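Understanding the architecture of this molecule
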Amino acid sequence: MMKQMLFWTLFLLLGNFCLADLPEKPENISCIFYYKKNFTCTWSPEKEVSPTVYTVKRTYLFGTARDFCTSENRTSCSFFFPNLPYPHNYSIEVEAKNVFGEHKSNVTYWYLENIVKIEPPTILTVEPIPGVKHMLQVAWRKPEGVPTSDSYICHLRYRRVNSTNWKPVIQRMENERPYNLTGLQVLRQYAVSMQCRVKTSEFWSSWSEETIGTTGGLAPNSILDLWRVLGPAQPDGGRTVQLLWKEARVDPSVRKTLGYNIWYFPENETAAKETSTTANQEFKLHLGSGAYLVSVVYYTCDGVSPEATLRIPAVHEKHNFVPFRCYNISVYPVVGVDVGVPHSIQAYFKEGIPLEGPLAKAQNISAQTATIKWEEIPKIQRRGFISNYTVFYVSDHGKEFARTVNSSILQCELQFLQSNTQYTVKVMANTLAGGKNGTSFNFKTLSIGIIEIALLASIIGGGLFFLGILVMVYRLTKPKLKRLVCPEIPNPAKSNVVLWRGDNFKSKLHLGEVQLHGKMKAVDERILKPYLSSSGDLIDKLVVDFENFLDKAEVHRVEMMKMQENILSGEKKYVNSPYNFYSPSGKVFQGLPSSALIPLEETQEQCSERPDEETKDSFFLPPNASGILEPELQPWEEAGLNPYLKNSVTTREFLNSEKFSDPIKKTEMQP
């Protein structure tokens, strides 16, 4: 029993030790097919603990052919040409084996057209095209190792020399057609590289070797500065003329000058042209005694410059300057063949009047000012140096004015003009020989200037602001103004004659107390019973004007005077109370008892002691509690409040006293 347990223990320990040293299973298998070269596969892991032998088993030709390759301690293995049939499917299995055992991978399948990798193409030339700027043309040859049954595509990239920033070209290239790189800078070096792949494959070739090309420059566009040095005339009439020239400012876009071409011929014999070439900046000519024309150009690999032309006069010829033409005269310091910076001036052999006057127009026109602007006369039409400009302007039926400005100024401001006036303007250009007027034109000043418009706007704005303040003040003080302009007229319903109280129109007639011998004596009360047909008639008649009320007061004063006369004569009579009412039909409220009548004898002392005005006022004293009549409720009082009374203040009807009978009725005095 102990022997069996020991055996199984040793077996497990040795088994675990052996499993720990077995090779790992090959995984991540990847294969690439190099056409007519090899078929190579790689896998992982890259390194084993123990020495390991790998065997790659290949099955192809639809399973009819099998072979293998081996490698020791390397995770790659290759099958070589010519045993590489194409196109076919390959099945690959990798087996790892060491002293402790072996491990096999899963079987993988590869279609050669999808994993074929070709060689990079060959760039033949990278050169500019003559006469075409900012471009390089790339010529190339197709890559080697492309299967004859497959097509391919290529990509290109480029960069400026001394730069690491590559720019890819999106367009695909094929069939060895040259490709033109555009949008490049002139006179710059560029490095170009290409790569290709079979259309069905997923692997691009490596990049080709870089090829450098230089873009072309601009054709020369400047003219040489050319002058001459005339030698003395020989006895045979011949002479030596030395030509000197200097290039204009160097343009970095223009290539270096390769040489100079000189043409010269007699002035009257253009067919006898002679040509010379030199790389120097001077040249000697052996000419006859006649006049000659000389032209010099310089050229680069990108083109030829414009001609610089010079006339060499005859031996006995004076300088023939054309009048009215501007000449540039330059003086160059020359030391040997070195030419210094020239000093130049402009001059006219003879000046004249300009051929055309300035073309002018008016701008910034206001009520009193305007600006006149004009264009400079073309140089060919000046015929001399412009010394100044004169602006003439005149209004309709007015005096002409003029203003003069310097030749460097091309505008003039006219001031103190009349508003709403039309002016005629012309500008004259002056030289030493005279002046030339330009075409005249008209303009009209404004009726109101900017200042007037601003002032008017300020006044209107201020007026509107002040009006707004007045409206605000009026709204705030409207009740006070209304009472001041339209005072309220007393409401007859609230007068001292009759006091209305409550919604049932109950009224009380207040009779004042009479002072008899220094004592106040109350007057008896009796209910008045007027004869009324309807309550509406009474309401309509209760509108009383204040003037009629004063007339009735005057009647009472007259009655009091008559009463005083009766007292003096010794007669004893009685009068009715002045508080009689009348109905709308003109009938007087009657039915007062005799107790309501006041004996005149008892009031004799009072009437004799008070003046007439005081007597009159005593009849209108406000009644007190002891002198109030409380009449019975009449039928005309049972009606509701007539809306007419509510508006009696604003819709008052003024009545004349003649339309109504005197409310005060005289009665005979009773004993």
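Predicted, not measured: the structure shown is a model, and the values here were computed from it.

This brings us to the overall build of the protein. Scanning the protein from N- to C-terminus turns up 10 helices and 43 strands. Residues counted as buried form 35% of the 671 residues belonging to the protein. Long-range contacts, defined here as pairs at least 24 residues apart, represent 65% of the contacts in the protein between residues at least 6 apart. Surface exposure of the protein reaches about 42,000 Å², of which carbon and sulfur atoms provide 54%.

Formed by 45 residues in total, the largest nonpolar core has its most connected members in Phe33, Phe39, Ile92, Leu156 and Leu181. It is strand E15 (residues 189-198) that contributes the most residues to this core, five residues altogether. Composition of this core by domain shows at least three residues from each of domain 1 (27-114) and domain 2 (120-215). Formed by 19 residues, the second largest nonpolar core is a distinct cluster that contains Val405, Val425, Val427 and Phe441.

Taken in spatial order, the three strands of this open sheet run E10-E11-E14, and their pairing is antiparallel. Of all the strands in the sheet, just strand E10 (122-127) and strand E14 (179-182) have a single pairing partner and so form its edges. For this sheet the average axis-to-axis angle between neighbouring strands, irrespective of direction, equals 25°.

On to the side chain of serine 193. Among the structural elements, serine 193 can be located in strand E15. At 2.8 Å, the side chain of serine 193 and the backbone oxygen of serine 208 are in polar contact.

We now examine the state of the cysteines. Tallied over the entire structure, the rule returns three disulfides. Residue pairing for cysteine 31: its cysteine sulfur links by disulfide to cysteine 41, the two sulfurs lying 2.1 Å apart. The chirality of the disulfide connecting cysteine 31 with cysteine 41 is right-handed, given an S-S dihedral of about 105°. Linking cysteine 31 in strand E1 (residues 27-34) with cysteine 41 in strand E2 (residues 38-44), this pair joins segments that are 10 residues apart in sequence. The partner cysteine of cysteine 69 in its disulfide is cysteine 77, sulfur to sulfur 1.9 Å. With respect to class, cysteine 69 is no different from cysteine 77; both count as buried.

Attention shifts here to the UniProt feature "transmembrane region" (unreviewed entry) in the protein. When the UniProt feature table is mapped to this numbering, "transmembrane region" (unreviewed entry) covers residues 453-474. Secondary structure over residues 453-474 splits into 100% helix and 0% strand, and the C-alpha atoms at its two ends are 31 Å apart.

So, about the side chain of threonine 431. One can find threonine 431 in strand E34 (residues 422-431). For threonine 431, a relative accessible area of 7% corresponds to the buried category. Within the local environment of threonine 431, its side chain forms a polar contact with the backbone oxygen of glycine 352, the two atoms lying 2.9 Å apart. For threonine 431, the contacting residues outside a window of four places in its chain are Glu351, Gly352, Ile353, Pro354, Arg382, Gly384, Phe385, Ile386 and Ser387.

So, on to the sheet that holds strand E33 (residues 411-414). Whether parallel or antiparallel, the strands of a sheet pair through hydrogen bonds between backbone atoms. As summarised here, the arrangement of the three strands in space is E29-E30-E33, forming an open sheet in which the pairing is antiparallel. The open sheet is flanked by strand E29 (360-363) and E33, the only strands paired with a single partner. Across the sheet, the axes of successive neighbouring strands diverge by a mean angle of 25°, strand direction being ignored. Across four bridges, the pairing between strand E30 (residues 370-374) and E33 is antiparallel. Across the sheet, residue alanine 370 finds its bridge partner in E33, namely leucine 414.

Here we come to the packing of aromatic side chains. Per the stated rule, a full pass over the model turns up 13 aromatic pairs. Summarising the aromatic geometry, the rings of tyrosine 348 and phenylalanine 385 are spaced 4.8 Å apart at their centres and angled 85° between planes, so their arrangement reads as edge-to-face. In this pair, tyrosine 348 is assigned in strand E28 (residues 343-348) and phenylalanine 385 in the loop between helix H3 (379-382) and strand E31 (388-395), connecting sequence segments 37 residues apart. Residue classification places tyrosine 348 among the buried positions, given a relative accessible area of 14%. One cation-aromatic arrangement involves arginine 157 over tryptophan 166; the distance from NZ or CZ to the ring centre is 4.1 Å. Over the aromatic face of phenylalanine 392 sits the side chain of lysine 426, whose NZ or CZ is 5.9 Å from the ring centroid.

On strand E16 (residues 211-214), burial follows the alternation: Thr211 and Gly213 on one face are buried, whereas Ile212 and Thr214 on the facing-out side are not. Bridge analysis of E15 against E16 gives four bridges, and the strand direction is antiparallel. Bridged to valine 192 within E16 is threonine 211.

Let us look at the environment of glutamate 144. By the element assignment, glutamate 144 lies in the loop between strand E11 (135-141) and strand E12 (152-160). Owing to a relative accessible area of 62%, glutamate 144 belongs among the exposed residues under this scheme. C-alpha of glutamate 144 to C-alpha of proline 120: the two residues are 24 residues apart in sequence and 7.4 Å apart in space. Setting aside its immediate chain neighbours within four residues, glutamate 144 contacts Ile118 and Glu119.

What follows covers the pairing of E29. By the bridge criterion, four bridges tie E29 to E30 in an arrangement that is antiparallel. Paired with alanine 360 across the bridge in E30 is tryptophan 374. Counted along the chain from E29 to the antiparallel partner E30, the turn is six residues long, and its residue asparagine 364 has a positive phi close to 50°.

Further remarks concern the pattern of salt bridges. Inspection of the entire model under this criterion finds eight salt bridges. The shortest N-O distance in the salt bridge between lysine 37 and glutamate 119 comes to 2.8 Å. With lysine 37 in the loop between E1 and E2 and glutamate 119 in the loop between strand E9 (116-117) and E10, this residue pair connects regions lying 82 residues apart in the sequence. Among the residues examined, lysine 37 registers a relative accessible area of 43% and is labelled partly exposed. Residue glutamate 119 is classed as partly exposed on the basis of its relative accessible area of 30%. In this structure, the salt-bridge partner of arginine 311 is glutamate 267, at a minimum N-O distance of 3.0 Å. Residue arginine 311 is found in strand E24 (residues 308-312), and its partner glutamate 267 is found in the loop between strand E19 (259-266) and strand E20 (274-278); the two are separated by 44 residues along the sequence. On the basis of relative accessible area, arginine 311 is assigned to the partly exposed category, the value being 32%. Since its relative accessible area comes to 31%, glutamate 267 is described here as partly exposed. Within the structure, one salt-bridge network assembled from shared partners comprises Glu267, Arg311 and Glu317.

What counts and what doesn't
Note that residues are indexed from 1 along each chain, following the sequence as it is written. Reporting in this predicted model follows two pLDDT cut-offs: at least 70 for local features of residues, and 80 or more for side-chain atom pairs to be given and counted; totals over whole chains, interfaces and linings ignore these cut-offs and use all residues. Neither water nor hydrogens contribute to the side-chain values; these are computed over all heavy atoms in the structure. Per the convention used, a helix needs a DSSP run of H or I reaching at least four residues, while a strand needs a run of E reaching at least two, with both numbered from the N terminus. The classification of residues rests on relative accessible area computed with a 1.4 Å probe and restricted to protein chains. Under 20% of the type maximum is buried, over 50% is exposed, and intermediate values are partly exposed. Throughout, a contact is declared for two residues whenever any of their heavy atoms are within 4.5 Å. In this description, accessible areas are obtained by the Shrake-Rupley approach with a 1.4 Å probe, and a residue is regarded as covered only by the protein chains that are shown. Grouping buried Ala, Val, Leu, Ile, Met, Phe, Trp, Tyr and Cys residues that are joined through side-chain atoms within 4.5 Å yields what is termed a nonpolar core. Boundary definitions for the domains trace back to an automatic or database domain assignment. Any two strands between which DSSP finds at least two bridges are classified as paired. Simply put, an axis is a line fit to the C-alpha atoms, just over the touching stretch for a helix, and the angle between two N-to-C directions goes from 0 to 180 degrees. The term polar contact refers here to a pair of N or O atoms within 3.5 Å; inside protein, the definition further demands a hydrogen-donor-capable atom paired with an acceptor-capable atom, and it admits residues adjacent in sequence only when both atoms are side-chain atoms. Two cysteine sulfurs form what is called a disulfide whenever their separation falls within 2.5 Å. UniProt positions are given in the numbering used here, feature names are shortened, and annotations may be inferred rather than shown by experiment. Planes of paired rings set the category: under 30 degrees apart is stacked, over 60 is edge-to-face and the rest tilted, where pairs are Phe, Tyr or Trp rings (Trp by its six-membered ring) whose centres lie within 6.5 Å. Note on criteria: charge over ring means Lys NZ or Arg CZ within 6 Å of the ring centre, with the direction from the centre no more than 35 degrees off the ring normal. In what follows, salt bridge is the name for a side-chain nitrogen of Lys or Arg lying within 4 Å of a carboxyl oxygen of Asp or Glu.

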